[in-house]
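Topology and contacts: notes
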Amino acid sequence: MTMRDDHSLAGELASEAGERLLELRARLGFEDGRALKDAGDQTSHRFLMDALRRLRPDDAVLSEEATREERMDPRRLSAERVWIVDPLDGTREFSEEGRADWAVHVALWERGSLSAGAVALPAQGRTLTTAAPPELPEKAREPFRVAVSRTRPPEFVRDLAARLGAELVPIGSAGAKIAAVLTGEVEAYVHAGGQYEWDSAAPVAVALAAGAHASRIDGSPLTYNQGDPSLPDILVSLPDLAPTLLAGIRDLHRQTP
C-alpha cells in the first residue's frame, strides 16, 4: 500500500480489511458462528494494527480488539494523533448468512477532534469516507425513519418514535445504521443503550464531513480519545431533523419519574 493522506488511508484500510473479512466468511462458512465471529475480529484487528504500525508508526491506536491494558495505556491520552478502529462492527450480522449490515471502522482523532474516517460496508460493496463524503438527501421524507437495534431497541426510542410519528427500521451494526442515514435509507439514528468510542468514531467522522448532525442525545458534543472509552448514547440525523429529535428527547426525559 502506497503512502496516502489520512482520508485516503482510512478508506483503503477499511476497504482492505473488509475484503479480508469477505474472504474469511466465504472460506469458513456459517456453521460455527462463534468461530466465525472470533476469526473475523482477530483477522481484521491484526491487519489494521500491522498496517497502522507500518504506515503511521508515530500514531497511537485505540482498537476494540486490543487488550484492556493496551486500551487503557495512558500514553494514548497524551498523543496528538490516535486512530480509533473497530475491526468488525456487527459480529452478530457478520456471522449470519445473507446479512450485509456489518462494517469496518477506521477513524483518526487529531488534537481534540475527529479529522478523518471511513466506514466499509463490505457485503454492500461500498466504503463511505471523509475523502469524498456522501451527499445527504435534500430533505427528510415523511414519516421519517429512525434506525434502531434489530435485537435490543431502547424503549425510549420506541416512545420517541410514537411521539413524533416516526417509523423504526431495525439495522445491525452502528456503522451500518449511521451509513443508512447518510445514504437516505433512514433519516436518523438514536441510541442510548451503551456504546464505546470505536462504535461511532469512524461513522461520525464521515457524518460530520457530509454535513449531518451528530451529538449526544442531550445535544452535547461527542468526544473521543477519553480515558474511559465508554460513549453510551448518540444521535445522528439529517440536519433539519435534529431540533425536532432533541426536543422530543428532552420532553420524554422530563416525563420520566
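What comes next concerns the included structure.

Section: the overall build of the chain
- Helix and strand content of the chain: 9 helices and 10 strands.
- Taken over the C-alpha trace, the chain has a radius of gyration of 18 Å; the compact-globule value for 257 residues is 18 Å, and the two agree within 12%.
- Dimensions of the chain, computed from C-alpha atoms along their principal axes, come out at roughly 50 × 45 × 35 Å.
- Within the span of the chain, comprising 257 residues, buried residues form 53% of the whole.

Structural notes on the side chain of Ser 44
- Checked against the element boundaries, Ser 44 lands in helix 2 (residues 33-55).
- With near-sequence residues (within four places) excluded, Ser 44 lies in contact with Ala 17, Leu 21, Pro 87 and Val 104.

Section: the sheet that holds strand 10 (residues 234-237)
- Taken in spatial order, the 5 strands line up as 7-6-8-10-9 in an open sheet, and their pairing is mixed. Where the open sheet ends on each side, the last strands, each with one partner, are strand 7 (167-171) and strand 9 (213-215). In this sheet, adjacent strand axes meet at a mean angle of 20° when their direction is disregarded.
- Bridge analysis of strand 6 (residues 145-149) against strand 7 gives 5 bridges, and the strand direction is parallel. By the bridge assignment for strand 7, Ser 149 is matched with Ile 171.

Observations concerning the packing of helix 1 (residues 6-28) against helix 2
- Running from N to C, helix 1 and helix 2 point in directions that differ by 150°, and their axes come no closer than 10 Å. Classified by the angle their axes make, helix 1 and helix 2 are roughly antiparallel. Considering the relative orientation of helix 1 and helix 2, their crossing is right-handed. Residues Leu 9, Leu 13, Glu 16, Ala 17, Arg 20, Leu 21, Leu 24, Arg 25 and Leu 28 of helix 1 lie in contact with helix 2, whose contacting residues are Leu 36, Ala 39, Gly 40, Thr 43, Ser 44, Phe 47, Leu 48, Ala 51, Leu 52 and Leu 55.
- Of the residues that constitute the contact of helix 1 with helix 2, the class distribution is 13 nonpolar, 3 polar and 3 charged.

What to know about the packing of helix 7 (residues 174-182) against helix 8 (residues 197-210)
- At a minimum axis distance of 9 Å, the contact between helix 7 and helix 8 shows a crossing angle of 10°. Looking at the two axes, helix 7 sits roughly parallel to helix 8. Together, Ala 174, Gly 175, Ile 178 and Leu 182 of helix 7 and Asp 199, Pro 203, Val 204, Val 206, Ala 207 and Ala 210 of helix 8 make up the contact between the two elements.

Describing the packing of aromatic side chains
- Overall, the coordinates contain 2 aromatic pairs when judged by the stated rule.
- Here Phe 94 and Trp 102 contribute two aromatic rings whose centre-to-centre distance is 4.9 Å and whose plane-to-plane angle is 80°, an arrangement assigned as edge-to-face. In this pair, the class of Phe 94 matches that of Trp 102, namely buried.
- Between Tyr 196 and Trp 198 the ring centres are 5.1 Å apart and the planes differ by 15°, which places this aromatic pair in the stacked class.

Quick notes on the sheet that holds strand 1 (residues 60-63)
- Pairing within the open sheet is mixed, and its 5 strands lie in the order 1-2-3-4-5. What marks the edges here is a single partner per strand, and that holds for strand 1 and strand 5 (126-129). Neighbour-to-neighbour, the strand axes of the sheet open up by a mean angle of 15°, direction not taken into account.
- Two strands pair when backbone bridges link them, and strand 4 (residues 113-121) and strand 5 are joined in this way by 4 bridges, in the antiparallel orientation.

Considerations on the environment of Pro 239
- Here Pro 239 is to be found in the loop between strand 10 and helix 9 (242-255).
- Taking the relative accessible area as the measure of exposure, Pro 239 reaches 45% and is therefore partly exposed.
- Sequence separation of Pro 239 and Lys 139 is 100 residues, and the distance between their C-alpha atoms is 8.9 Å.
- Every residue in contact with Pro 239, bar those within four places of it in the chain, is listed here: Leu 136, Gly 211, Ala 212 and His 213.

About the cut-offs
Residues numbered from 1 in each chain as written. Predicted model: local features only at pLDDT ≥ 70, side-chain atom pairs only at ≥ 80, totals over all residues. Heavy atoms only, no water. Helix = DSSP H or I, 4+ residues; strand = E, 2+ residues; numbered from the N terminus. Rg over C-alpha atoms; globule rule 2.2 N^0.38 Å. Buried < 20%, exposed > 50% of the residue type's maximum accessible area, 1.4 Å probe, protein only. Contact = heavy atoms within 4.5 Å. Pairing = 2+ DSSP bridges. Axes fitted to C-alpha atoms, helices over the stretch in contact; angles between N-to-C directions. Parallel < 35°, antiparallel > 145°, perpendicular 65-115°, else oblique. Left-handed = near helix turned anticlockwise from the far one by under 90°. Nonpolar A, V, L, I, M, F, W, Y, C, P; charged D, E, K, R; others polar. Phe/Tyr/Trp six-rings, centres within 6.5 Å; stacked < 30°, edge-to-face > 60°.

From the geometry alone we can't say anything about function, so treat these as descriptive.
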